[in-house]
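# Chains, contacts and geometry: an overview
Chain by chain, the residues:
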Amino acid sequence: MSCSFAKGKYAIVGAGLMGRLVAVALAKRGAQVELFEKGGPDALESPARIAAAMLAPLAESAITEDNVVRMGIHSLPRWKQIISELAKPVYFQQDGTLILWHRQDASDAERFASHLESNCERNTALSKPQHLDSKSLAEIEPGVADRFTQGLYLPNEGQLDNRQLLEALLVELSLMKVHCHWHQAIEPEELRKNQQFDWVIDCRGLGAKDSWRRAGDSTKDLRGVRGEVIRLHAPEVKLRRPTRLIHPRYPIYIAPKEDDVYVVGATEIESEDLSPMSLRSAMELLSAIYTVHSGFAEARILEMATQCRPTLKDNLPEIYIEQSSGKAGLMMINGLYRHGFMISPAILDCALELISTGSSNIANDLGLSVNGHLATQETTTCA
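My aim in this report is to walk through the structure given alongside it, one point at a time. None of these values were measured; they are calculated from a predicted model.

In space, the eight strands of this open sheet follow the order S6-S7-S5-S12-S13-S14-S11-S15, with mixed pairing throughout. The outermost strands of the open sheet, each flanked by one partner alone, are strand S6 (130-132) and strand S15 (300-311). When the angles between neighbouring strand axes are averaged without regard to direction, this sheet yields 25°. Relative to strand S7 (residues 151-154), S6 runs antiparallel, the two being bridged by three bridges. Note on S7: the bridge partner recorded for histidine 131 is leucine 152.

Below, the discussion takes up the nonpolar core. If you look at the biggest cluster of nonpolar residues, it comprises 59 residues, and the most contacted ones within it are Leu26, Trp79, Leu165, Ile201, Ile319, Met331 and Ile333. The biggest single contributor to this core is helix H10 (residues 340-357), with 11 residues. If you look at the next biggest cluster of nonpolar residues, it comprises 27 residues, including Leu137, Phe148, Ile230 and Ala282.

Below, the discussion takes up the pattern of salt bridges. By the definition in use, this model includes 24 salt bridges. The salt bridge partner of lysine 28 is glutamate 172, with a shortest N-O separation of 3.0 Å. A residue pair is termed long-range when its members are at least 10 positions apart, and lysine 28 in helix H1 (residues 17-28) and glutamate 172 in helix H6 (residues 162-175) qualify at 144 residues. Given the relative accessible area of 4%, glutamate 172 is considered buried. A salt bridge links aspartate 202 to arginine 204, with the nearest nitrogen and oxygen atoms 2.8 Å apart. Both residues of the pair, aspartate 202 and arginine 204, count as buried. Because the salt bridges share partners, they merge into one network encompassing Glu60, Arg244, Glu268 and Arg338.

Let's shift gears to the pairing of strand S12 (residues 243-246). Both faces of S12 are covered, namely the face carrying Thr243 and Leu245 and the face carrying Arg244 and Ile246. Summarising the sheet, strand S5 (residues 97-101) and S12 pair through four bridges and their orientation is parallel. Note that in S12 the partner of isoleucine 99 across the bridge is arginine 244. Here S12 pairs with strand S13 (residues 252-256) via three bridges, running antiparallel.

This paragraph deals with the packing of aromatic side chains. A complete count under the given rule lists three aromatic pairs for this structure. Judged by centre distance (5.5 Å) and plane angle (80°), the rings of tyrosine 262 and phenylalanine 296 are edge-to-face. Placement of the pair is tyrosine 262 in strand S14 (residues 261-265) and phenylalanine 296 in the loop between helix H9 (279-292) and S15, with a sequence separation of 34 residues. Its relative accessible area of 7% is what places phenylalanine 296 among the buried residues.

What counts as what
- Residues numbered from 1 in each chain as written.
- Predicted model: local features only at pLDDT ≥ 70, side-chain atom pairs only at ≥ 80, totals over all residues.
- Heavy atoms only, no water.
- Pairing = 2+ DSSP bridges.
- Helix = DSSP H or I, 4+ residues; strand = E, 2+ residues; numbered from the N terminus.
- Axes fitted to C-alpha atoms, helices over the stretch in contact; angles between N-to-C directions.
- Core = buried A, V, L, I, M, F, W, Y, C linked by side-chain atoms within 4.5 Å.
- Buried < 20%, exposed > 50% of the residue type's maximum accessible area, 1.4 Å probe, protein only.
- Salt bridge = Lys/Arg side-chain N within 4 Å of Asp/Glu carboxyl O.
- Phe/Tyr/Trp six-rings, centres within 6.5 Å; stacked < 30°, edge-to-face > 60°.

So yeah, pure geometry; function would need other evidence.
Below you can see the structure in the form of structure tokens.
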């Protein structure tokens, strides 16, 4: 059964990246939306605030599942559309990804390139990597030509400014008159009982750990995977696009933002520890980026930050839906792991389709799990 957005009333719990995207999308479709967040509008507790926000399905295909890659491919043009419709500008770039390596790591780079090329053969929507010699590397990224004589260029990949996006979505919530309840922790079940809403949508990430455990089975338990990033101001470095360094011990990424700001990261630690960055992590990250560009020696450290990304056992995202008589419908969106920015528009489109029609062809096409299986049939109906 179809559900009219214009007539619907929705409660969104959690105002990180996914919660803000869903709230804005529903409000723009005419729905009445209320947003509940235990923290403040600055999203200081959200993993989205410290992310590099790289949109790199081909680069990520080396380490993730094919369905996540398909979600990333779907999301790239959607990001352009979403950002173009926001009142406040957001930095977005789609000039590809550069892959570099030092001479001693050439064999690892060869295996990496071969893996990407095989993935491109299986998925023709991916653009094949281009091998760069010293001349073509100097043309694409002159800032690193004095230290590297070869590389890989991955066309069409992109990035955005995560903090600008969170702020722009906050502005949009105000313009769309979404009622935001800041500093108000609430369980979705409390909102479902009074029948004030048609749907309650849980986007709390790790905050939904207990709810997710009750809803699913033990194999779907949420866990946190710690990530660490450093933000630098480096006016002597003029990298044009996200750059990744292949290294056996500490592969890194460097994401250039506006105003000579760079986001640097690499670490992925199976831990929910939110303590400050370790000395070892900081030294490895900073040492590695100096080998990419000597200009980082005079960079100023703006911030060292840590956060935990919500992850399911299979490292894949999932939507869970529950409906029962006398209660608002419940939708839980979780498990975006390290790919939140890369795949969130795809997750958004699936969620909207599920709410609107009760099923999702997009989820089926992209391989997104709904209630533990692919959305090949009607999964739920609207209240």
